Amino acid sequence: MSERTLAIIKPDAVKKHVIGDIIGRYERAGLTPIAMRMLRMSKATAAGFYAVHKTRPFFDSLCTFMSSGPVVVLVLAGDNAIKKHRDLMGATDPAKADKGTIRAVHGTNIESNAVHGSDSPETARFEIGYFFPEMDLIEE
Ligand code: CMP
């Protein structure tokens, strides 16, 4: 069943000039970009996006990092897009991510971990709507 997920190429990956490599991995895995923006989040925008984590000890540092430079935000569509994207990303901590995954290859540490991906259909709906109005999504 075709599904949608939100991906963010984080400031560390944009600075490393690996936007093209990451999007290439998505396309080769059969995930189709159906919307894409490059933007720099304010700290408040990052805090709203990560609101589910607001009581966590890493929240402030995470919001500072996510607003430290431009990011690329994209919607990916495809069969089992949420799980497929999470498999491509690897574990949150690059040191624990499977060899060859995006975080293992491009991540630095648990915060500067190159990419974000929605973790459930409910989260995907919220996260896609946070950055894209429905009319900006390309018909699959
Ligand atoms: P992400 O998938 O974007 O979701 C929440 C982010 O918080 C996570 O990736 C990490 O970049 C960041 N983070 C920082 N510290 C931690 C931690 N100790 N545990 C989980 N996530 C963390």
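## Some words on the pattern of salt bridges
Counted by the stated rule, this structure contains four salt bridges. Between Glu 134 and Arg 4 there is a salt bridge, with the nearest N and O atoms lying 3.4 Å from each other. Of this pair, Glu 134 sits in the segment after helix H7 (121–131) while Arg 4 sits in strand S1 (residues 2–9), placing them 130 residues apart in sequence. On the accessibility criterion, Arg 4 (27% relative accessible area) is partly exposed. Linking Asp 21 and Arg 25 is a salt bridge whose minimum nitrogen-to-oxygen distance equals 2.8 Å. One end of the pair, Asp 21, and the other, Arg 25, are both in helix H2 (residues 19–28), four residues apart, so they sit about a helical turn from each other. Classification of Asp 21 as partly exposed rests on a relative accessible area of 29%.

## What about the site of the ligand?
Neighbouring the ligand are Lys 10, Tyr 50, His 53, Phe 58, Leu 62, Thr 92, Arg 103, Ile 110, Glu 111, Asn 113 and His 116. Within the backbone of Ile 110, a nitrogen or oxygen atom sits 3.0 Å from an oxygen atom of the ligand. Within the backbone of Glu 111, one N or O atom sits 3.2 Å away from an oxygen atom of the ligand. Its free accessible area being 450 Å², the ligand has 79% of it covered by the protein chains. Looking at side-chain class alone, the shell around the ligand contains four nonpolar, four polar and three charged residues.

Calculation criteria
Residues numbered from 1 in each chain as written. Predicted model: local features only at pLDDT ≥ 70, side-chain atom pairs only at ≥ 80, totals over all residues. Heavy atoms only, no water. Salt bridge = Lys/Arg side-chain N within 4 Å of Asp/Glu carboxyl O. Helix = DSSP H or I, 4+ residues; strand = E, 2+ residues; numbered from the N terminus. Buried < 20%, exposed > 50% of the residue type's maximum accessible area, 1.4 Å probe, protein only. Near = heavy atom within 4 Å. Polar contact = N/O pair within 3.5 Å; in protein donor to acceptor, adjacent residues only side chain to side chain. Areas by Shrake-Rupley, 256 points an atom, 1.4 Å probe, with all protein chains shown as cover. Nonpolar A, V, L, I, M, F, W, Y, C, P; charged D, E, K, R; others polar.

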